[in-house]
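These are the residues of each chain, in order.
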Amino acid sequence: MRGKYKVAIVGSSGLVGRTVLRVLEEKNFPNVVYTLFSSKNSANKKVSFLGEDYLFCELNEESFNSNFDFAIFCAGGEVSKKYAPIAVSKGCTVIDNSSMFRMAEDVPLVVPEVNSEEI
């Protein structure tokens with residue numbers, strides 16, 4: 001059996017990020033360790049998630065040195081443009097909620113109701 005998956009949530013302190021956290025709480029996936037990234041303004045603030053207190057970590061160029069399996073980006077296009085390639089270069093699978101890469105030929109656009117087989 002595989003160990004725990006490491007998942008980064010980028011933009012976790014914003015409106016979309018908090019919605020992602022609520023959905024993840026509802027799903028309650030087993031064997032997942034989450035790290036919540038935010039801007040400098042929200043860094044070190046606490047949030048209750050999955051029955052525990054989490055601290056928002058400030059997102060920076062070294063954030064993906066921790067060998068994440070997945071990263072969910074919900075912080076907007078400019079953040080995705082800068083940090084998603086860094087995450088990918090470290091072997092992380094990125095799920096981006098912004099429109100930054102929608103027209104990129106080498107990035108699959110997945111709409112679950114339309115082409116879920118692309119996942």
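Below or above, wherever it landed, is the structure these notes cover.

About the cut-offs
- Residues numbered from 1 in each chain as written.
- Predicted model: local features only at pLDDT ≥ 70, side-chain atom pairs only at ≥ 80, totals over all residues.
- Heavy atoms only, no water.
- Helix = DSSP H or I, 4+ residues; strand = E, 2+ residues; numbered from the N terminus.
- Buried < 20%, exposed > 50% of the residue type's maximum accessible area, 1.4 Å probe, protein only.
- Contact = heavy atoms within 4.5 Å.
- Patch = residues over 30% accessible without salt bridge, like charges linked within 9 Å, V, L, I, M, F, W, Y side chains within 5 Å.
- Areas by Shrake-Rupley, 256 points an atom, 1.4 Å probe, with all protein chains shown as cover.
- Salt bridge = Lys/Arg side-chain N within 4 Å of Asp/Glu carboxyl O.
- Core = buried A, V, L, I, M, F, W, Y, C linked by side-chain atoms within 4.5 Å.
- Pairing = 2+ DSSP bridges.
- Axes fitted to C-alpha atoms, helices over the stretch in contact; angles between N-to-C directions.
- Right-handed = clockwise from strand over helix to strand, strands pointing away.

**Describing the overall build of the chain**
Turning to step 1, where the next piece is worked out: Helix and strand counts for the chain stand at 3 helices and 7 strands.
Turning to step 2, where the next piece is worked out: Going residue by residue from the N terminus, the α and β elements of the chain occur as β-α-β-β-β-β-β-α-β-α.
Turning to step 3, where the next piece is worked out: Counting across all 119 residues of the chain, residues that qualify as buried make up 31%.
Turning to step 4, where the next piece is worked out: When contacts within the chain are restricted to residue pairs at least 6 apart in sequence, long-range pairs at least 24 apart make up 46% of them.

**Here we look at a nonpolar patch on the surface**
Turning to step 1, where the next piece is worked out: The grouping of Y5, F70 and I95 at the surface amounts to a nonpolar patch, some 250 Å² of accessible area in total.
Turning to step 2, where the next piece is worked out: Within the secondary structure, I95 is located in strand β7 (residues 93-96).

**Digging into the nonpolar core**
Turning to step 1, where the next piece is worked out: Formed by 14 residues in total, the largest nonpolar core has its most connected members in I9, V20, L24, Y34, L36, F49 and Y54.
Turning to step 2, where the next piece is worked out: Going through the elements one at a time, β1 (5-10), α1 (15-27), β2 (32-38) and β3 (46-49) are the ones with two or more residues in this core.
Turning to step 3, where the next piece is worked out: The contacts of L36, once residues within four sequence positions are left out, are I9, S12, L21, V47, Y54, L55, F56 and C57.
Turning to step 4, where the next piece is worked out: Grouped together as the second largest cluster of nonpolar side chains are 13 residues, A71, F73, I86 and C92 included.

**Structural notes on the sheet that holds strand β5 (residues 57-58)**
Turning to step 1, where the next piece is worked out: Taking strand neighbours across the sheet as the criterion, the 5 strands line up as β5-β2-β1-β6-β7 in an open arrangement whose pairing is parallel. Sheet topology places β5 and β7 at the edges, where each strand pairs with a single neighbour.
Turning to step 2, where the next piece is worked out: Seen against the sheet, α1 touches β1, β2 and β6 (70-73) and runs at an angle of roughly 150° to β1.
Turning to step 3, where the next piece is worked out: Packed on one face of the sheet, helix α2 (residues 77-89) meets β1, β6 and β7 and runs near 175° to β6.

**Things to note about the pattern of salt bridges**
Turning to step 1, where the next piece is worked out: Summed over the entire model, instances satisfying the criterion amount to 1 salt bridge.
Turning to step 2, where the next piece is worked out: Across the pair K82 and E61 runs a salt bridge, and its minimum N-O distance is 2.9 Å. Within this pair, whereas K82 is found in helix α2, its partner E61 is found in the loop between β5 and β6, the two being separated by 21 residues in sequence.
Turning to step 3, where the next piece is worked out: A relative accessible area of 43% places K82 in the partly exposed class.

**Overview of the pairing of β6**
Turning to step 1, where the next piece is worked out: Here β1 pairs with β6 via 4 bridges, running parallel. Looking at the pairing, I9 lines up with I72 of β6.
Turning to step 2, where the next piece is worked out: Of the pairings in the sheet, the one linking β6 to β7 comprises 4 bridges and is parallel in character. Bridge pairing in β7 places I72 opposite I95.
Turning to step 3, where the next piece is worked out: The handedness of the β6 to β7 crossover, carried by α2, is right-handed.

Any link to function would need more than the numbers given here.
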